[in-house]
Amino acid sequence: MSKKTIRDIQLQGKTVLMRVDFNVPMSDGQITDDNRIVQALPTIKYALDHEAKLVLFSHLGRVKTEEDKKTNSLAPVAKRLSELLNLPITFVTETRGSNLEAAVKNMEDGDIVMVENTRFEDLNEKAESKNNPELGKYWASLGDAFVNDAFGTAHRAHASNVGIADNMVVAVAGFLMEKEIKFIGEAVDNPERPFVAILGGAKVSDKISVIENLLTKADKILVCGAMAYTFYKARGYEVGLSKCEDDYVEFAKSLLEKSNGKLILPVDNMISKEFSADAEAVLVSADQIPSDAMGMDIGPKTVELFKKHLENAKTVVWNGPAGVFEFDKFAVGTNAICKLLAELKDAKTIIGGGDSAAAAIKLGFQDKFTHISTGGGASLEYLEGKELPGISSIHNKCCSCKNC
Ligand code: ADP
Ligand code: MG
């Protein structure tokens with residue numbers, strides 16, 4: 001279902017409430033990576049260029065005690081955003097009340113007000129995280145239209161996304177949200193084929209629903225990462241000290257049986273005797289992992305095999321690193337997959353998953369993919385085929401409802 005976007009609405013002179021994802025990493029009151037703020041700029045600038053009065057909402061971390069308020073204030077984020085835009089921002093240190101209402105009322109076209117961390121409301125019986133109906137209604141009453149650009153929270157029904165949208169005459173997607181719906185949504189619902197998924201990462205148990213959903217959609221699933229060893233065990237191979245989930249071996253067996261050859265497992269691995277950055281790496285084939293060693297990465301024959309399966313792909317979705325990419329020595333397979341995907345012509349290449357995105361960026365492939373999702377948990381749930389409440393609550397293009 002196609003969703004209304006910020007391009008579809010009147011902005012000039014309107015008070016526009018915008019949910020962004022400014023949940024940036026902080027250390028000692030300093031922002032250590034402002035990527036999320038930078039990513040939100042196109043939608044923010046668009047609203048300002050069209051002379052909206054812009055009211056920004058975001059959460060930052062978790063707020064469980066009064067003490068958490070000190071370390072989770074959005075004040076440093078407001079300062080950074082002001083620097084990036086080179087514009088003043090009125091930062092309201094509260095999440096409701098007369099100061100907020102006055103700040104919004106006094107806005108002129110093109111002004112920006114930023115509300116303090118929406119999760120400060122969680123000290124009030126989890127009002128934000130439990131989507132307290134009064135809170136969503138109150139925030140909605142402050143504006144004329146709602147723009148949701150926070151894909152990272154789309155898998156949660158909170159007051160600042162679903163609550164506001166449900167009380168608004170106009171609720172649309174920002175550009176970031178639009179991109180996520182377009183690339184991940186289309187890949188899962190209506191992919192151009194051949195559609196190949198690459199699934200790696202730490203655990204089968206984290207990805208059960210993703211594997212099950214993609215088995216019904218993808219033409220091939222290339223398995224890598226630690227996840228491969230649970231499948232190896234299901235095939236009766238020795239996995240030694242590799243990360244393997246014994247409780248899921250039966251499940252892996254049933255998947256292999258019903259997959260009709262769609263699941264492709266690694267044919268060789270880099271193994272080591274210990275889990276460390278400078279452990280000696282040895283190459284062995286799939287069924288040759290000794291009992292005193294562990295699989296840390298895929299090997300070169302697996303890369304060649306994956307290359308063959310990827311050659312004609314038109315859509316590729318990748319979730320989960322191929323090995324322990326945090327150690328340079330075992331980032332070779334993940335790096336090789338990045339390269340394979342970067343070289344594909346005419347294919348949409350999409351990364352969903354926090355660590356996979358971090359790996360691609362760390363290895364310098366940031367600009368080589370069609371889309372790198374900004375939401376870890378949200379992109380996983382999207383790949384599982386689940387309905388994301390943050391997206392469902394955005395109005396559909398055909399009319400102004402979300403139900404048709
Ligand atoms: P994502 O966040 O992209 O969904 P996951 O969280 O599932 O990915 O997995 C990422 C983690 O998987 C990384 O920390 C990586 O070190 C780990 N991993 C990958 N391969 C292996 C392996 N062979 N042994 C142990 N851990 C692995
Ligand atoms: Mg992860």
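Since this is a predicted model, take the numbers as computed values, not measurements.

Criteria and thresholds
Residues numbered from 1 in each chain as written. Chains lettered and ligands numbered in written order. Predicted model: local features only at pLDDT ≥ 70, side-chain atom pairs only at ≥ 80, totals over all residues. Heavy atoms only, no water. Patch = residues over 30% accessible without salt bridge, like charges linked within 9 Å, V, L, I, M, F, W, Y side chains within 5 Å. Areas by Shrake-Rupley, 256 points an atom, 1.4 Å probe, with all protein chains shown as cover. Salt bridge = Lys/Arg side-chain N within 4 Å of Asp/Glu carboxyl O. Lys, Arg positive; Asp, Glu negative; His and termini not counted. Charge placed at Lys NZ, Arg CZ, Asp CG, Glu CD. Helix = DSSP H or I, 4+ residues; strand = E, 2+ residues; numbered from the N terminus. Buried < 20%, exposed > 50% of the residue type's maximum accessible area, 1.4 Å probe, protein only. Near = heavy atom within 4 Å. Polar contact = N/O pair within 3.5 Å; in protein donor to acceptor, adjacent residues only side chain to side chain. Pairing = 2+ DSSP bridges. Axes fitted to C-alpha atoms, helices over the stretch in contact; angles between N-to-C directions. Phe/Tyr/Trp six-rings, centres within 6.5 Å; stacked < 30°, edge-to-face > 60°. Lys NZ or Arg CZ within 6 Å of the ring centre and 35° of its normal. Core = buried A, V, L, I, M, F, W, Y, C linked by side-chain atoms within 4.5 Å. Domains from an automatic or database assignment. Contact = heavy atoms within 4.5 Å. Parallel < 35°, antiparallel > 145°, perpendicular 65-115°, else oblique. Left-handed = near helix turned anticlockwise from the far one by under 90°. Nonpolar A, V, L, I, M, F, W, Y, C, P; charged D, E, K, R; others polar. Buried area = accessible area lost by both parts, 1.4 Å probe.

### A word on a positive patch on the surface
Where like charges cluster on the molecular surface, the positive patch consists of R62, K64, K126 and K130. Topologically, K126 is positioned in the loop between β6 (112-115) and α5 (133-140).

### Digging into the pattern of salt bridges
Pairing of side chains with opposite charge becomes possible as their charged atoms draw close. For the structure shown, the criterion picks out 18 salt bridges. Taking the shortest distance from any N to any O, the salt bridge between D246 and K233 comes out at 2.8 Å. You can see D246 sitting in the loop between α9 (227-234) and α10 (249-258) and its partner K233 sitting in helix α9, a full 13 residues away along the chain. A relative accessible area of 34% places K233 in the partly exposed class. Taking the shortest distance from any N to any O, the salt bridge between D292 and K273 comes out at 3.1 Å. Linking D292 in the loop between β13 (282-285) and β14 (294-298) with K273 in the loop between β12 (268-272) and β13, this pair joins segments that are 19 residues apart in sequence. Residue D292 is classed as partly exposed on the basis of its relative accessible area of 37%. Counted as one network, the salt bridges with shared partners bring together D34, K79, R80 and E83.

### With respect to the site of ligand 1
Around ligand 1 there are 19 residues in total, and K207, G295, E326, D355 and S356 lie nearest to it. Measuring from a nitrogen atom of ligand 1, one finds a backbone N or O atom of A226 at 3.3 Å. Contact between ligand 1 and G295: a nitrogen atom at 3.1 Å from a main-chain N or O atom of the residue. Surface burial for ligand 1 is 87%, taken as the share of its 580 Å² of free accessible area covered by protein chains. For the shell around ligand 1, the secondary-structure elements that each account for two or more residues are β14 and α13 (354-362). For the shell around ligand 1, the element with the most residues is α13, which contributes three residues.

### Structural notes on the sheet that holds β13
Strands sit in the order β13-β12-β14 across an open sheet of three strands; the sheet is antiparallel. Each end of this open sheet is capped by a strand with a single partner; those strands are β13 and β14. In this sheet, neighbouring strand axes are inclined to one another by 45° on average, regardless of whether the strands run parallel or antiparallel. Pairing between β12 and β14: four bridges, direction antiparallel. Bridging from a neighbouring strand, N269 pairs with I298 of β14.

### Topic: the packing of aromatic side chains
The final tally for this structure, using the stated rule, is seven aromatic pairs. Between W318 and F369 the ring centres are 6.3 Å apart and the planes differ by 40°, which places this aromatic pair in the tilted class. Of this pair, W318 sits in strand β15 (residues 315-319) while F369 sits in the loop between α13 and β17 (371-372), and the two are 51 residues apart along the sequence. Comparing W318 with F369 shows no difference in burial state: the two are buried. Through a chain of ring-to-ring contacts, three or more aromatic side chains come together here, namely Y229, Y232 and Y237. A cation over a ring is seen here: K182 above F183, with NZ or CZ 5.4 Å from the ring centre.

### As for the nonpolar core
Within soluble globular proteins, side chains that are nonpolar tend to cluster in buried spots. Grouped together as the largest cluster of nonpolar side chains are 50 residues, with contacts concentrated most on F151, M177, I221, V223, F231, L263 and I391. Listed by contribution, the elements that provide at least two residues to this core are α7 (175-189), β9 (195-199), α8 (204-217), β10 (220-223), α9, α10 and α14 (376-383). Two domains each put at least three residues into this core: domain 1 (6-173) and domain 2 (180-383). Beyond its immediate sequence surroundings of up to four residues, L263 is in contact with L215, I221, V223, F231, L255 and L256. Counting residues in each nonpolar core, the second largest holds 30 residues, with I9, L11, I89 and V172 among its members.

### Focus: the packing of helix α11 (residues 300-310) against helix α12 (residues 332-343)
α12 packs onto α11 with a crossing angle of 25° between their chain directions and a minimal axis gap of 11 Å. Classified by the interaxial angle, the pair formed by α11 and α12 is roughly parallel. Read as a crossing pair, α11 and α12 show a hand that is right-handed. On the side of α11, the interface is formed by V303, F306, K307 and L310, while α12 contributes A336, I337, L340 and L341. Per-class residue counts for the contact of α11 with α12 are seven nonpolar, no polar and one charged.

### Description of the domain arrangement of the chain
Domain annotation of the chain identifies domain 1 (6-173) and domain 2 (180-383). Spacing between the C-alpha centres of domain 1 and domain 2 amounts to 36 Å. Residue-level contacts link six residues of domain 1 with nine residues of domain 2. Summed over both sides, the interface of domain 1 with domain 2 buries roughly 650 Å², with 66% coming from carbon and sulfur. Counting the surface domain 1 buries against domain 2, the share from its top three residues, Q39, F151 and H155, is 73%. Seen at the junction of domain 1 and domain 2, the total is one salt bridge. With a closest N to O distance of 3.8 Å, E381 and R156 form a salt bridge.

### Considerations on α5
Given 3.6 residues to a turn, an α-helix orients residues that are three or four positions apart in the same direction. By the burial criterion, the buried members of α5 are L135, G136, Y138, W139 and A140. For α5, the elements touching its buried residues are β1 (15-19), β4 (53-57), α4 (98-105) and α6 (159-166). With a side-chain oxygen lying 2.8 Å from the backbone nitrogen of E134, the N-terminal cap of α5 falls on N132.

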